[in-house]
Amino acid sequence: MMLFRKAYFPKPEESRMRGANDLQAARRIFYEEKSRVLRRLMHNRLHWMNRYINPNQHSGVELGCGIGVTKEFIHAKSLLLTDCVESPWLDVANVDAMCTPFANDEFDFVICMNMIHHLSSPMRFFQEMRRILKLGGMLLVQEAHASLLLRLALRIMRKEGYSFEVDVFDPDVV
């Protein structure tokens, strides 16, 4: 099993996933194919967050929203969709999750799904979340667990890499 403990970094062009990194195509597939399975998966991934959001009072932001379908599943008075790129469905584009353009104490909640592992300094991200969240605000996180099965799938699909050699909790390490 040492094979799956070693760092692994595939090249983007090696990916076996259809439309990998093409957010426009992924969004089009979501809306045009109307897959019940995909909608159910997204519902299951997001629905638990609604228990922590008061739809009449809470305002929030999703950082790294990808294809931007969260508003279909999250019930909030206000939810901004952001990402580090530009896409037509974003409310705010080009947002660095470790240094956002938002005011101190601006949000009741922040959503981040499967994006923290892409950051160069997760601790800077958590410090930024403390800054933009109101006192008592919630950081709602859905993040992949690097299980043996996931690591095997990542290698087969050649989608993303991983490394266990970095201390992600050290704020001085990139």
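Residues numbered from 1 in each chain as written. Predicted model: local features only at pLDDT ≥ 70, side-chain atom pairs only at ≥ 80, totals over all residues. Heavy atoms only, no water.

Digging into the pattern of salt bridges
Enumeration according to the criterion identifies four salt bridges in this entry. Residues Arg39 and Glu72 are paired through a salt bridge, measuring 3.0 Å at the closest nitrogen-oxygen approach. Of this pair, Arg39 sits in helix H2 (residues 36-46) while Glu72 sits in the loop between strand E1 (59-63) and strand E2 (78-81); the two residues are 33 residues apart in sequence, bridging distant segments of the chain. On the basis of relative accessible area, Glu72 is assigned to the partly exposed category, the value being 37%. Across the salt bridge formed by Arg131 and Glu128, the nearest N and O atoms sit 2.6 Å from each other. Here Arg131 pairs with Glu128, and both are found in helix H3 (residues 122-132), just three residues apart, close to one helical turn. Take Glu128: its relative accessible area is 9%, and that puts it in the buried class. (Salt bridge = Lys/Arg side-chain N within 4 Å of Asp/Glu carboxyl O. Helix = DSSP H or I, 4+ residues; strand = E, 2+ residues; numbered from the N terminus. Buried < 20%, exposed > 50% of the residue type's maximum accessible area, 1.4 Å probe, protein only.)

Observations concerning the sheet that holds E1
Taken in spatial order, the four strands line up as E2-E1-E3-E4 in an open sheet, and their pairing is parallel. Lying at the two open borders of the sheet, with one neighbouring strand each, are E2 and strand E4 (133-142). Neighbour to neighbour, the strand axes of the sheet diverge by 20° on average, direction disregarded. Contacting E1, strand E3 (107-113) and E4, H3 crosses the sheet at an angle of about 140° to E4. (Pairing = 2+ DSSP bridges. Axes fitted to C-alpha atoms, helices over the stretch in contact; angles between N-to-C directions. Contact = heavy atoms within 4.5 Å.)

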